[in-house]
Amino acid sequence: MYNKWKLRIKNSRYIPKSLKIYFFREMRFLDGITKEQKGLEIGPSHSPVVPKREGYHVETLDWLDQAGLRERYKNDCVNLDAIEPVDYVWKSGSYSRLIQKSDYYDYIIASHMIEHTTDFAGFLQDCSNLLKKDGILRLAVPDKRYCFDHYRYTTSLAEVLNNAYMPNDLQSVGNVAEYYMNVVSRKGQISWKKPVLPGLDFLMKHSSRDYRFLHDKHTAMDGMRRVCENQYIDIHHYVFTPTSFALLIYDLRVLEVIDMKITHMWNTRRNEFIVTLQKTDEKAELDFRYRQRLLRARDRQNKIF
């Protein structure tokens with residue numbers, strides 16, 4: 001019944017498109033994207049945003065092939081039939097070198113993936129190399145305030161630049177230890193919904209008693225040992241709020257590390273924000289006042305309870 005009403009609302013001529021986009025995640029993701037365009041979806045796993053079976057002209061990149069993904073998720077209560085053939089199986093290194101299609105795609109989509117990479121700037125530049133002029137990269141990014149990253153600080157410019165200029169496919173010992181020592185649940189959940197109305201967000205601040213750390217020191221020490229043995233550990237390497245993300249993109253553009261700009265950002269709904277970046281030749285100049293506003297907003301969003 002719910003899905004039937006949802007479909008009616010989406011197809012209604014009487015409801016403004018802007019309102020539909022606000023309420024429906026898939027419409028925010030697909031805004032401006034057509035089935036005729038050439039697309040790449042990175043890490044679709046068992047829930048592709050632009051399924052091939054629905055007629056999208058899209059290629060996929062993932063860490064396992066279709067059979068491997070079905071084996072990986074067979075006990076996770078997910079729809080295995082939604083896992084589609086994988087065009088590029090990524091093990092490590094550059095996406096653009098793996099795919100070898102420069103200036104090819106109209107759009108690239110990645111949902112809850114960029115936080116797992118070990119080279120934020122490198123990921124963006126790989127996408128830029130693969131995109132046509134004015135092509136877009138659309139990302140769904142977890143907001144640390146509403147998930148297990150809650151007690152972690154947002155990623156700094158220093159971290160991103162160190163990873164860019166001294167790349168490593170593995171996380172550092174420090175990243176892994178910091179992750180295991182700080183991730184939490186709230187009332188037994190590892191992610192939770194942001195209130196729809198900003199006023200409610202203020203009224204519904206949670207006490208420290210609502211949060212529980214997920215790991216003990218032995219898990220952290222074991223993770224540190226595994227990294228020293230060159231094992232990859234799948235964690236949230238990077239941590240964001242909408243403003244901290246915008247600040248990183250701005251700083252990386254000013255420093256001429258990336259050639260992508262934010263053209264639109266849908267603020268956090270539930271536990272994620274969706275952002276559109278576009279390949280551009282425009283140079284960014286350092287604006288002290290603008291950057292100061294971003295820094296202040298970032299620090300406000302970094303507050304923990």
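Residues numbered from 1 in each chain as written. Predicted model: local features only at pLDDT ≥ 70, side-chain atom pairs only at ≥ 80, totals over all residues. Heavy atoms only, no water.

## Some details on the overall build of the chain
Counting its secondary structure elements, the chain contains twelve helices and nine strands. Scored against the burial criterion, the 305 residues of the chain give a buried share of 46%. In the chain, the share of contacts with a sequence separation of at least 24, taken over all contacts with a separation of at least 6, comes to 73%. (Helix = DSSP H or I, 4+ residues; strand = E, 2+ residues; numbered from the N terminus. Buried < 20%, exposed > 50% of the residue type's maximum accessible area, 1.4 Å probe, protein only. Contact = heavy atoms within 4.5 Å.)

## Notes on the pattern of salt bridges
Scanning the entire structure with this criterion turns up 15 salt bridges. One network of salt bridges, in which partners are shared, links D149, R152 and E178. (Salt bridge = Lys/Arg side-chain N within 4 Å of Asp/Glu carboxyl O.)

## Here's the deal with the side chain of N175
Mapped onto the fold, N175 is located in helix α8 (residues 173–182). Leave out the neighbours within four places in its chain, and N175 touches E159, I235 and H237.

## Observations regarding the nonpolar core
Residues I42, F120, F123, L137, L139 and F245 are the most contacted members of the largest nonpolar core, which totals 34 residues. Elements with a contribution of two residues or more to this core: β1 (39–42), α5 (95–99), β4 (105–111), α6 (120–130), β5 (131–142), α11 (242–254) and β9 (272–279). With six residues, α6 is the largest single contributor of residues to this core. Counting twelve residues, the second largest nonpolar core, distinct from the first, contains I33, V58, I136 and I274. (Core = buried A, V, L, I, M, F, W, Y, C linked by side-chain atoms within 4.5 Å.)

## Notes on the sheet that holds strand β3 (residues 88–89)
Spatially, seven strands are ordered β3-β2-β1-β4-β5-β9-β8 in an open sheet, and the strand pairing comes out mixed. The open sheet terminates on both sides in strands that have one partner only, identified here as β3 and β8 (260–269). For β8 and β9, the ladder comprises seven bridges, and the chain directions are antiparallel. What sits directly across from M265, in β9, is V275. Against the sheet, α11 touches β5, β8 and β9, its axis set at about 175 degrees to β8. (Pairing = 2+ DSSP bridges. Axes fitted to C-alpha atoms, helices over the stretch in contact; angles between N-to-C directions.)

## Let's talk about the packing of α6 against α11
Put simply, α6 and α11 touch, their axes get as near as 12 Å, and they point 70 degrees apart. One finds that α6 runs roughly perpendicular with respect to α11. Here α6 contributes F120, A121 and L124 to the contact with α11, which in turn contributes F245, L248, I249 and L252. Counted by class, the contact of α6 with α11 contains seven nonpolar, no polar and no charged residues. (Parallel < 35°, antiparallel > 145°, perpendicular 65-115°, else oblique. Nonpolar A, V, L, I, M, F, W, Y, C, P; charged D, E, K, R; others polar.)

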